[in-house]
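Summary of structural features
Each chain is listed here by its residues.
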Amino acid sequence: MSRTQIDADPRLPLTLRNGSATFLIALASLMMANLAPFIITALGSLGFDPVASGNILTWALLASAVVGLGTGRIASGRLRRPLAITGLIVAVVAFGAAALVPSSTVIVTGLIVGGAGVGAAISTSGAAIAALRNPNRISATSGLVNRALITVILAVIPLIGITQGSVFGTLALISLVGLALAVWLPNAPEHAAPVDVTQSLQIAEPRRITLAGVAILFLFPIWGTSEDAIWTMAPVLGDALAIGEQSLGFTLSLSAAGGILGMLIAAVIGNRFGRAWPLTIALAIGGVLKIWTGLTADPTTFAVLIIAVSSIYAFAFALFIATAAGLDARGRWSGPLLGAYLVGSSFAPLIGGVLIEGLGIGPFTLITGIVSFVVILPMVFVARVSTGAERALARSAARAAEPVH
């Protein structure tokens, strides 16, 4: 007798169902970070000063980060779908209350509890990406969907008005959409661990995979903090150049559109050039662009730079996710990765505000740019291990499927 030959890649093929669930839940998970400038503006209109608004957003993002990290192990197992459903129910109720109840206490509590709710979902979407074939292309496609929808949302909200109802209501609505799709989240493939590692793939030995996984959980949030500090402080940088609210909103919308271009390029490239070289180039260019934003005094140049920074950021973001997903098809590292990212992102408004106030805009952007250069070398190691782990997984799966007589 013989067993039926299976595809060398044990990950699941992308379908409309598992793709829409993975991508929309990822969107719901990161919506607070994407709407950070509008959340701060909405809180300001409710009487919170800039420092208080930044602190509230920081605590809400930190709640997402802590829950995302804490549920990473669960998300890589059989309880992935129930975890996503539970978290999104909490998010819908909490964000809905923040949008509808005119009470400062309810608004603050709703944002923080809602952040914790999407934190549970964030680990499930990250782990689900690892279950699908071609992590480079899947992570880029997820980001492409995210950016396309964010572009529309960032353009529409200022037209409606940046208010309690429009901003917090958007958070509740997107969480509701993710909840409706959660039953389609892909589970981990049956053969998920690259157990058959040969000497030719020594780069992907289990010890190196673990080291690479731990490293990316540290590197990603450090880099993410530098990127999100620029994004969340965009209104402050714009004010320094006398850019109005509507003009800034238009620039941020175009920035999201630039992110679409970055994700599209990552999706088209796929695994063609690996991960190490594309990451190196993206991080270097991104570092230069971030530094430049603090040196220009021209509003138009600033707008172009913000759009360019967002484009490069999106490309690199997709590669970070793909790198973690490539390490383990169960999502052992990609599951908690977005939670780790939000640890840094949650402090971005606070860090950005402190640096600008204490050092000025130029030194602030210089520091954020230097961060991109610092993470290049360790990320090259992690990317090489990730690519090796994928090859080891495919090889072990192929051998497991060889005919048995």
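Overview of the structure. Small disclaimer: the values here were computed from a predicted structure and weren't measured. (Residues numbered from 1 in each chain as written. Predicted model: local features only at pLDDT ≥ 70, side-chain atom pairs only at ≥ 80, totals over all residues. Heavy atoms only, no water.)

1. Overview of the overall build of the protein
On a plain count of helices and strands, the protein comes out with 16 helices and 0 strands. Relative to its 405 residues, the protein shows a buried fraction of 57%. Contacts in the protein between residues at least 24 apart in sequence constitute 88% of all its contacts with a sequence separation of at least 6. (Helix = DSSP H or I, 4+ residues; strand = E, 2+ residues; numbered from the N terminus. Buried < 20%, exposed > 50% of the residue type's maximum accessible area, 1.4 Å probe, protein only. Contact = heavy atoms within 4.5 Å.)

2. What about the pattern of salt bridges?
Between side chains of opposite charge, a pair can form when the charged atoms approach closely. One pass over the structure, following the stated rule, counts 2 salt bridges. Measuring nitrogen to oxygen at the nearest pair gives 2.9 Å for the salt bridge that ties Lys-290 to Glu-227. Taken together, the residues span a long stretch of sequence, with Lys-290 in helix 12 (residues 276-293) and Glu-227 in helix 9 (residues 206-232) at a distance of 63 residues. Note on accessibility: Lys-290 and Glu-227 belong to one class, buried. (Salt bridge = Lys/Arg side-chain N within 4 Å of Asp/Glu carboxyl O.)

3. Describing the packing of aromatic side chains
All chains considered together, the criterion is met by 8 aromatic pairs. Considering the side-chain rings of Tyr-313 and Phe-317, the 5.6 Å spacing of their centres and the 55° angle between planes classify their relative orientation as tilted. With Tyr-313 and Phe-317 both in helix 13 (residues 299-327), this residue pair falls 4 residues apart, about one helical turn. Neither Tyr-313 nor Phe-317 differs from the other in exposure class; each is buried. (Phe/Tyr/Trp six-rings, centres within 6.5 Å; stacked < 30°, edge-to-face > 60°.)

4. Overview of the packing of helix 12 against helix 15 (residues 361-374)
Where helix 12 meets helix 15, the closest approach of the two axes is 7 Å, and the angle between their N-to-C directions is 175°. Taken together, the axis directions place helix 12 and helix 15 in an arrangement best described as roughly antiparallel. Residue-level inspection shows Leu-283, Ala-284, Gly-286, Gly-287, Val-288, Lys-290, Ile-291 and Thr-293 of helix 12 in contact with helix 15, the latter providing Thr-365, Leu-366, Thr-368, Gly-369, Ser-372 and Phe-373. Partitioning the contact of helix 12 with helix 15 into residue classes produces 6 nonpolar, 7 polar and 1 charged. (Axes fitted to C-alpha atoms, helices over the stretch in contact; angles between N-to-C directions. Parallel < 35°, antiparallel > 145°, perpendicular 65-115°, else oblique. Nonpolar A, V, L, I, M, F, W, Y, C, P; charged D, E, K, R; others polar.)

5. Concerning unusual backbone geometry
A negative phi angle is the norm for most residues apart from glycine, just as the trans form is the norm for most peptide bonds. One non-glycine residue, Asn-134, lies in positive phi territory at about 60°. With respect to the helices and strands, the residue Asn-134 is situated in the loop between helix 6 (104-130) and helix 7 (135-160).

6. A closer look at the side chain of Ser-64
Secondary-structure assignment places Ser-64 in helix 3 (residues 50-70). Ignoring sequence-local partners within four residues, the contact set of Ser-64 consists of Met-32, Gly-115, Ala-116, Val-118, Gly-119, Ile-122 and Leu-342.

7. Considerations on the nonpolar core
In terms of nonpolar packing, the biggest core is built from 105 residues, with Phe-168 and Phe-317 touching the most fellow members. Counting residues per element, this core draws most heavily on helix 13, at 14 residues. The residues contacting Phe-317, other than those within four sequence positions of it, are Leu-30, Phe-220, Trp-223, Met-263, Leu-338 and Tyr-341. (Core = buried A, V, L, I, M, F, W, Y, C linked by side-chain atoms within 4.5 Å.)

8. Overview of the packing of helix 12 against helix 13
Running from N to C, helix 12 and helix 13 cross one another at 150°; their axes reach a closest spacing of 9 Å. As summarised for this structure, helix 12 and helix 13 are arranged roughly antiparallel, according to the angle between their axes. As for the relative orientation of helix 12 and helix 13, their crossing is left-handed in sense. Contacts between helix 12 and helix 13 involve Pro-278, Leu-279, Ala-282, Leu-283, Ile-285, Gly-286, Leu-289, Lys-290, Trp-292 and Thr-293 from the former and Phe-302, Leu-305, Ile-306, Ala-308, Val-309, Ile-312, Phe-315, Ala-316, Leu-319, Phe-320 and Thr-323 from the latter. Per-class residue counts for the contact of helix 12 with helix 13 are 17 nonpolar, 3 polar and 1 charged. (Left-handed = near helix turned anticlockwise from the far one by under 90°.)

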